[in-house]
Each structure stands twice: as structure tokens, then as C-alpha cells.
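Descriptive structure summary
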Amino acid sequence: MRGVLGGLVLAGAMLASLAGPGSAQATGSVWVLTVRGPLTPALAEYLDRGLESARRNAAQAVVLQLDTPGGSIDVMNRMVQSIRASEIPVIVYVAPDGAIAGSAGTVIVLAGHLAAMAPQTALGAASPVGSQGEDLGQTLEAKVKEILKATVRTLAEGRGQAAIDLAEASVEEARAATSREALEAGLIDVVASDIPSLLDQVDGRSVRMGGGEHILHTRGAAIVGTPQTWIEQFLHTLTNPNIVFLLLTLGVQAILIELSSPGGWVSGFVGVVCLALGAYGLGILPVNWFGLVFLATAFILFILEVKAPTHGALSAAGLAAFVVGALVLFNSPGVPDFQRVSVPLVIAVGLATAGLLFIVIGFAIRAQRRPVTVGGIALVGRTGEARTALSPSGMVQVAGELWSAELAPEAAPVAAGELVEVVAMDGLRLRVRPAPGRSA
């Protein structure tokens, strides 16, 4: 029995040695996170959650598939710190074909323990701009560029001088590079057409982690997709300038409807929610707050047009102020194209807003001017029937109700059954007079 067991152990060891270095980990997994669009706090939260899930499940590696035009430096720094502090190797992969890692995305690529790109992709153009998309002042620009250049030098350390030069040029000169150019300069490690190809190419490579060198065993590993939660997707959507613009417009409209026709709560609640969500987006997007002045002026002009009609003059001025305000708010010079609001959308929403506010507020004002139709004052001018003779007092029936009544001064006596007209109301007593065509 001992000889048999010894033979089995020896055979197993021989099979394991023949299988190669990666197959022992073939049952492991590689977690794939997908970041698409501008870098936002919601994507940073998504990255942190994905890295933690990969750590808990002892993943072989994390592939961060990246397609971004960039984002704020604060979000970029947070994501870089998360990647560098990860206990699981992170492979930043610019994909699919046609994807870019622009501006801050370039630094994210360099932060990975390994960097890869799909064949028809690009990275670079990492020159900084201001929080509202404007060019920085000379002194501030020099400071920010030097900090970013120091950051990319640190992240590209060990990739060679050509890689460092290309990384610095992307910051200083807004230079961009194709996947082939980045590979030749040593700025990335692999060019792969898809994730399985990427995992085959990086299998067996050594990466430097916080705890020392780590050998990747990714060949044949199970690929585990990690989608964003609906909250992460929703918060990321709120950074779309077109969505933010629509939320602000709907929010103000709903609030104005609530103010013009108080008593309900639905429109006011919807307005507050829309404005709160829009404010979240404004806090992330590079906006020019001066545009809010024009938008407020536009809504004031719309209201004045209803209260003091000027045959469309104030509406035209309000529409112009609305369009200018939206463009100033979102489309100031220097703002990247992906953070600009659609001009046709702004014009269409402006026309719709002007028309809707004119109709809604017009209905509200007409309702306020409508004569009272309930209560005693509503009986004045109505015609009723005398139930008893009036000389000068008696009973009359008006609007289906029986009232005490007396004749108005100098009015002729009224017999029972004749028609009377209400001319006034004194407490709970009506003052009437004979109606034309007195017979009921």
C-alpha cells in the first residue's frame, strides 16, 4: 500500500510539473471593471468596490477596461491611489477599438501595475485646464503641469527614458500617441485585441506590488465581469451636461407651477428633486456659474409676459436669455466637447419652456380672475322664485335653496310664484326686486 500511494503522489507531481507554471492557477479568476465616459466620483466608488470584491475573492488580477476623455484631477488622484494601494494586480486596458485614455485617463493607465491597449486606441493629451474648462493662468498652469509631470515620471519609472519623455510631453505639449507608438516607447506593456488575448500575453509576467514581486497566473483564468450598480450608473448619468440641463429646466418649471397654483404638492416635490439632482451634476461638471443669472432672468421675463402681455416681446427676450444662459453655463470657452450641452437641445427646450410657462401661468391667472361661484356673494344677479308674497318680506327660492328675502327700496310688491332678481345680500337675508317677465 505504501508503494502504491508513493507512486500516485509521484505521478501527480510529474503531471503538475508538465502542466506549466500557469495551469496550477487555472481555476483562479480575473475580475473585469469597465470605466466608460468622463471620470466622476461615481466611477471612483465603482473602482474601489470592484477592487475590494476582487480582494475578498482572491482574484488573480483585476482588468480595468478604460475608455475616457478625462476628468477632474481630484477624481484622477483618488483612482490612482486606489490602484497603487490594491493588493490585487491591476491591469489597465484601453479598449475596445476606438477607445481613448485622454487627459487624466493617461495617468490612470500609467498607474496600473501593467498597462495595455487595444490596437486602434490612443492615449495622451493630458494638459490641465481650469475647473470651468478655461485656460489656467501662467503661474498656476506652470505649477499644475510640474505636479502632473512629477506624477507621470514617478508612475513611468522603470519603463525607460523614452516612456518618461512621452508621458511628460503628453502633459507639457498635450501630445497623444497610438497604441503602437506607446508600445514602442515602453509606455505600455501589451497590445491585445481582447481580454482573453491580454490574459494570455501577461501570463507569467512579474509585477511590482507593495509586498514585493508578484507573478501573474492568468492563462485560462475565469473572467468575472463586475457591472456598476444602478446607483453608480445613475450618479454617473447625472454628470451628462444634457441631463443636468434638462433637470434644471424641469425643476424650475415645476417650482413655478407650484407657486402659480399653490395647494398641491406633486409639482413642488418634483421641482425640488430635479433641482437637487441638477445641483449634484453642476458640482461635478466644469460650469460657468454666471450662466445662472441669465437663466433666472429668462424665467422672470416669461412670468412678466403673462402678467403684463407685450405681444411676445418679453417672451422673445426671455427665450434669448434662456439660450445664452444655458450656453454660458455649460459651453464656456475651453470646456471639452464631451462636457458641452447640445445647442439644438437648448433651443428646443427654450421654445418649449416659453410656451409651457405661458400656457400654465395663463390658466392660473385666469382662474384667479374668474368670478366667485360659491357662497352668498355668488347669488347676486341670480334669478329666483318667490315662494310667498313679498310686501316687503317673505321667502324666495334661489339656486335650489330657500332664503329669507325682502324687497329692495322702491321695488314693487311681488306675488307668490313670480320671478325675482337678487340685488344684494344682507347677512343671511337676500334683497330682491321684481325680475323682468315676472311670471314663473
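Calculation notes
Residues numbered from 1 in each chain as written. Predicted model: local features only at pLDDT ≥ 70, side-chain atom pairs only at ≥ 80, totals over all residues. Heavy atoms only, no water. pLDDT = per-residue confidence, 0-100. Helix = DSSP H or I, 4+ residues; strand = E, 2+ residues; numbered from the N terminus. Contact = heavy atoms within 4.5 Å. Buried < 20%, exposed > 50% of the residue type's maximum accessible area, 1.4 Å probe, protein only. Axes fitted to C-alpha atoms, helices over the stretch in contact; angles between N-to-C directions. Parallel < 35°, antiparallel > 145°, perpendicular 65-115°, else oblique. Salt bridge = Lys/Arg side-chain N within 4 Å of Asp/Glu carboxyl O. Phe/Tyr/Trp six-rings, centres within 6.5 Å; stacked < 30°, edge-to-face > 60°. 1 Å grid on protein atoms, 1.4 Å probe; cavity = no way out; pocket = protein on both sides within 12 Å on 5 of 7 lines; lining within 4 Å. Points joined across faces, edges and corners; volume = space filled by probe spheres on them. Nonpolar A, V, L, I, M, F, W, Y, C, P; charged D, E, K, R; others polar. Patch = residues over 30% accessible without salt bridge, like charges linked within 9 Å, V, L, I, M, F, W, Y side chains within 5 Å. Areas by Shrake-Rupley, 256 points an atom, 1.4 Å probe, with all protein chains shown as cover. Pairing = 2+ DSSP bridges. Right-handed = clockwise from strand over helix to strand, strands pointing away.

**Here's the deal with the confidence of the model for the chain**
Regions with low pLDDT should not have their predicted coordinates read in detail. Per-residue confidence for the chain gives a mean pLDDT of 82; residues scoring 70 or more make up 81%. In the model of the chain, helix α1 (residues 2-18) stands out as the element of lowest mean pLDDT, 40, in contrast to strand β3 (residues 90-94), which has the highest, 97. Under a pLDDT of 50 for its full length, residues 1-27 has, in the predicted model, 9 contacts with residues more than four places off or in other chains.

**Thoughts on the environment of Asn288**
As for its position among the elements, Asn288 is in the loop between α11 (266-284) and α12 (291-307). When its relative accessible area of 22% is taken as the criterion, Asn288 is described as partly exposed. For the pair Asn288 and Ser332, spaced 44 residues apart in the sequence, the C-alpha separation amounts to 6.7 Å.

**Considering the packing of helix α2 (residues 41-56) against helix α3 (residues 73-84)**
Running from N to C, α2 and α3 point in directions that differ by 5 degrees, and their axes come no closer than 9 Å. Judged on the interaxial angle alone, α3 and α2 are roughly parallel. Where α2 abuts α3, its residues Pro41, Leu43, Ala44, Glu45, Leu47, Asp48 and Leu51 lie against Val75, Arg78, Met79, Ser82 and Ile83.

**Observations concerning the environment of Ser197**
Its location among the elements puts Ser197 in helix α8 (residues 195-202). A C-alpha to C-alpha distance of 9.2 Å links Ser197 and Arg219, two positions 22 residues apart in sequence.

**What about the pattern of salt bridges?**
In this structure the tally under the stated criterion is 16 salt bridges. Of the charged contacts in the structure, one is a salt bridge between Arg56 and Glu52, with a shortest N-O distance of 3.7 Å. Of this pair, Arg56 and Glu52 are both found in helix α2, 4 residues apart, which corresponds to roughly one turn of the helix. The class of Arg56 is exposed, set by a relative accessible area of 55%.

**Looking at the packing of aromatic side chains**
Centre-to-centre distance and the angle between the planes together describe a pair of aromatic rings. For the structure on display, the rule yields 4 aromatic pairs. Residues Phe245 and Phe330 carry aromatic rings whose centres are separated by 6.5 Å and whose planes lie at 90 degrees to one another, so their mutual orientation is edge-to-face. With Phe245 in helix α10 (residues 241-260) and Phe330 in helix α13 (residues 313-330), this pair connects stretches of sequence that are 85 residues apart. The pair Phe245 / Phe330 is uniform in exposure class, with both members buried. With a centroid separation of 6.0 Å and 85 degrees between ring planes, the pair formed by Phe299 and Phe322 is classed as edge-to-face. Separated by 23 residues along the polypeptide, Phe299 in helix α12 and Phe322 in helix α13 bring together distant segments of the chain. Phe322 carries the same exposure label as Phe299, and that label is buried. Here the aromatic residues Phe245, Phe299, Phe322 and Phe330 are joined through ring pairs into a cluster of three or more.

**Thoughts on the layout of surface pockets**
Size it by volume and the second largest pocket reaches roughly 490 Å³. Forming the boundary of the second largest pocket are 17 residues, of which Arg84, His113, Leu155, Glu157 and Arg208 lie nearest the centre. Those elements that provide at least two residues to the lining of the second largest pocket are α5 (138-155) and β9 (206-209). No other element matches β9, which puts 4 residues into the lining of the second largest pocket. Residues that form the lining of the second largest pocket fall into these classes: 5 nonpolar, 6 polar and 6 charged.

**A word on a nonpolar patch on the surface**
Together, Trp265, Val266, Phe269, Val270 and Val273 make up a nonpolar patch on the protein surface, roughly 510 Å² of accessible area in all. Position of Val266 among the secondary structure elements: in helix α11. Taking relative accessible area as the criterion, Val266 reaches 49% and is therefore assigned partly exposed.

**Observations concerning the pairing of strand β1 (residues 29-36)**
In terms of residue burial, β1 counts as a mostly covered element, since 6 of its 8 residues are buried. Pairing between β1 and strand β11 (residues 222-226): 5 bridges, direction parallel. Of the residues in β11, the one forming a bridge with Val30 is Ile223. Across 7 bridges, β1 lies against strand β2 (residues 61-67) in parallel orientation. Following the sheet pairing, Val35 is matched in β2 by Leu66. Since β1 and β2 lie parallel, the crossover through α2 that links them has a hand, and here it is right-handed.

**Overview of the sheet that holds strand β8 (residues 190-191)**
Sheets are built from strands paired through backbone hydrogen bonds, the pairs being either parallel or antiparallel. If you trace the 6 strands from one edge of the open sheet to the other, you get β8-β5-β3-β2-β1-β11, paired in parallel fashion. Both outer strands of the open sheet, β8 and β11, are each paired with one neighbouring strand and no more. Pairing analysis gives 4 bridges linking β3 to strand β5 (residues 114-117), with the strands arranged parallel. In the sheet register, Val94 faces β5, and the bridge partner there is Met117. Taken strand by strand, helix α4 (residues 104-111) contacts β2, β3 and β5, and its axis lies near 165 degrees from that of β2.

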